[in-house]
Amino acid sequence: MTHANGQRLAWGVDVGGTDCKVGVVDGSGAVRAETEFQTPDVPAEAVRAIERACRELESALGESVGRLGLGVPGPLDLARGVIVQAPNLGWRDVPLRRMVADALGCEVVMDNDANAAAYGEAWVGAGQGAGVLLLITLGTGVGGGVVDQGRVFHGARGLAVEIGHIVVVPGGRPCSCGKRGCLEAYFSAHALSEQAAEIGIGDGDPRGHRMLFERYAAGDPEVVPWLGRAIDVLAQGVAQAGVLFDPDRIVFTGGLTRSWDTYRDRLVEGLVGDLGPAGPPAEGIGLTELGGRAGIVGAAGLALRG
Ligand SMILES: [Zn+2]
C-alpha cells in the first residue's frame, strides 16, 4: 500500500495498562495521524476498539494502510503472538496478534512495549545513529530493550533485557515476580510509593512519586537516604546491562523521567562509574526524544520493516 509520495504506511498500536494509543506512521517515522482511548478490560473489546480506531484514522487520512505493529506488555510468546500474562491488564494467554490480524485483515507484527519503544527511539528518536541502543522504561515497573544494528535483541524466548528483574541486592526487597532484590523492587513508581509508605510518607499511591523526588531534591532527611539508595540501585542494574551489551547510547523513558532533573546527576555518575570501559560516556546517556509516541512509532516501524 502506498500514498502520494510512494511511502508505505503502517498502524502502530501501543497497548498500555491504562491507555491504548494508535497512530498511522509513514516510512520516514513521521506520525501522520493518531488517537488514544482507555484500554478495555476484555481482550475482544480491546480488539474491536483497536479496529475502530485504525479504520477511523485511515479514512481521515484518505490513504490505505497495509500493515500493523503491536507493542504490548509481556511476557509474550513471540513465536505464537500470544500475551502470556499482562498483570496490569489482567490478561492471560491472549492470542492478540491473530485476533487483530483477523479483525483488520492485514499482516500484524507484535513485540513487547519496551522493545517497540526501543526500536522507535533507535529509528527516529534519541537512539538515532547509535550502533547499539539500550532503552530503559521507568514506570509502574521497569522495562528494557536493546536494539543492535537495527535489530531488536529478543533472546531465545523473547525474554531478554527484562532489566527490572536483574537482582541488584541479594536477599533484598521482595519483587512482584517472586524473587528478591530486583531493580524493580527499588526504583519503580510502585516500589517508591511502597518504600515511602513504610516510613509513613504518602498513602502508597504510585502516582505520588513526583512529591518524593521534590523532597529528595530539597534534601529532606526522611527521603534522601532510601531514595538515594534506590537511585544507586538503578545505576547498578542499568550498568550490569550496559556491561553485557556495551551500548553506545542509553535512553531513559517513562513516567518517572518527569523528575529526571532531580536524580540525573547521581544516576549518571553512578552509572558511568559502574560501567567501567563498557557503554557510553555521560553524554551518551539521556532522555527519550519521542516520549509517549515511541511505542506507536516503533511498533509501526517493526511492521514496515516486515
Ligand atoms: Zn523481579
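Participant: How should I be thinking about the state of the cysteines in this particular structure?
Facilitator: Here a disulfide denotes one covalent bond, and it connects the sulfur atoms of two cysteines. Considering all chains together, one arrives at 0 disulfides under this definition. Left without a disulfide partner, cysteine 20 is nearest to the cysteine sulfur of cysteine 54, which lies 8.5 Å away.

Participant: Mind showing me how you'd approach the coordination of the zinc ion here?
Facilitator: Around a metal, the idealised angle for a tetrahedral arrangement of four donor atoms is 109.5 degrees; for an octahedral arrangement of six donor atoms it is 90 or 180 degrees. Coordination sphere of the zinc ion, protein contribution only: His165 (ND1), Cys175 (SG), Cys177 (SG) and Cys182 (SG), at 2.0 to 2.4 Å. Considering all 4 donor atoms around the zinc ion, the spread of angles at the metal, 105 to 120°, places the coordination shape in the tetrahedral class.

Participant: Even after reading the chapter, I still don't get unusual backbone geometry, so can you show me in this structure?
Facilitator: The general pattern is negative phi for most residues beyond glycine and trans for most peptide bonds. The omega torsion across glycine 74 and proline 75 is 10°, close enough to zero to call that bond cis. Looking at the element boundaries, proline 75 is found in the loop between β4 (67-72) and β5 (76-77). Non-glycine residue glutamine 149 carries a positive phi angle of around 50°. By secondary structure assignment, the location of glutamine 149 is in the loop between β10 (142-148) and β11 (151-152). Unlike most non-glycine residues, valine 161 shows phi in positive territory, near 60°. Its location among the elements puts valine 161 in the loop between β11 and α4 (189-198). With a relative accessible area of 11%, valine 161 lands in the buried category.

Participant: Help me understand the sheet that holds strand β6 (residues 82-86), please; the structure alone is not making it clear to me.
Facilitator: Hydrogen bonds between backbone atoms are what pair the strands of a sheet, whose relative direction is either parallel or antiparallel. The sheet built from 3 strands is open, its strands ordered β5-β6-β7 with antiparallel pairing. The sheet is open, and its two borders are formed by β5 and β7 (91-94), each paired with just one other strand. Here β5 pairs with β6 via 2 bridges, running antiparallel. The partner of leucine 76 across the bridge, within β6, is isoleucine 83.

Participant: What is the right way to read the packing of aromatic side chains from this model?
Facilitator: Any pair of aromatic rings gets described here by the distance separating the centres and the angle formed by the planes. Taken as a whole and assessed by the stated rule, the structure comprises 7 aromatic pairs. Between tryptophan 260 and tyrosine 263 the ring centres are 5.7 Å apart and the planes differ by 80°, which places this aromatic pair in the edge-to-face class. Within this pair, tryptophan 260 and its partner tyrosine 263 are both found in helix α7 (residues 260-275), separated by 3 residues, close to a single helical turn. Taken together, the aromatic side chains of Phe187, Phe213, Phe252, Trp260 and Tyr263 make up a single cluster linked through ring pairs.

Participant: What is the right way to read helix α8 (residues 294-305) from this model?
Facilitator: Owing to its 3.6 residues per turn, the α-helix aligns residues three or four sequence positions apart on the same side. In this model, α8 (12 residues) spans 16 Å end to end at C-alpha, consistent with the 16 Å of a helix rising 1.5 Å per residue. With 11 of 12 residues buried, α8 lies mostly within the body of the structure. All buried positions along α8 are accounted for by Ala294, Gly295, Ile296, Val297, Gly298, Ala299, Ala300, Gly301, Leu302, Ala303 and Leu304. Glycine 306 sits one or two residues past α8 and shows a positive phi near 75°.

Participant: What am I meant to see in the side chain of glutamate 63 here?
Facilitator: If you trace the backbone, glutamate 63 turns up in the loop between α1 (43-61) and β4. A relative accessible area of 18% places glutamate 63 in the buried class. A polar contact is formed between the side chain of glutamate 63 and the side chain of arginine 32, at a distance of 2.9 Å.

Participant: Got a minute to help me understand the pairing of strand β9 (residues 132-138) in this structure?
Facilitator: The side chains of a regular strand alternate, first on one face of the sheet and then on the other. In terms of burial, β9 is a largely internal element, 6 of the 7 residues being buried. Of the pairings in the sheet, the one linking β9 to β10 comprises 7 bridges and is antiparallel in character. Paired with leucine 135 across the bridge in β10 is glycine 145. The hairpin turn running from β9 into β10, its antiparallel successor, is 3 residues long. For β9 and strand β12 (residues 249-253), the ladder comprises 5 bridges, and the chain directions are parallel. Within β12, the position partnered with leucine 134 by the bridge is isoleucine 250.

Participant: Just to check I follow, could you spell out the pairing of strand β3 (residues 31-38) for this structure?
Facilitator: Judged from the 7 bridges that link them, strand β2 (residues 19-26) and β3 form a sheet pairing that is antiparallel. Residue pairing for β3: valine 24 is matched across the bridge by alanine 33. Linking two consecutive strands that pair antiparallel, namely β2 and β3, is a turn of 4 residues; a positive phi of about 90° is found at glycine 29 within it.

The rules behind the values
Residues numbered from 1 in each chain as written. Predicted model: local features only at pLDDT ≥ 70, side-chain atom pairs only at ≥ 80, totals over all residues. Heavy atoms only, no water. Disulfide = S-S within 2.5 Å. Donors = N, O, S within 2.8 Å, 3.2 Å for Na, K, Ca; no water. Tetrahedral: all angles 85-135°; square planar, octahedral: opposite > 155°, others 65-115°. Helix = DSSP H or I, 4+ residues; strand = E, 2+ residues; numbered from the N terminus. Buried < 20%, exposed > 50% of the residue type's maximum accessible area, 1.4 Å probe, protein only. Pairing = 2+ DSSP bridges. Phe/Tyr/Trp six-rings, centres within 6.5 Å; stacked < 30°, edge-to-face > 60°. Expected span 1.5 Å × (residues − 1). Polar contact = N/O pair within 3.5 Å; in protein donor to acceptor, adjacent residues only side chain to side chain.

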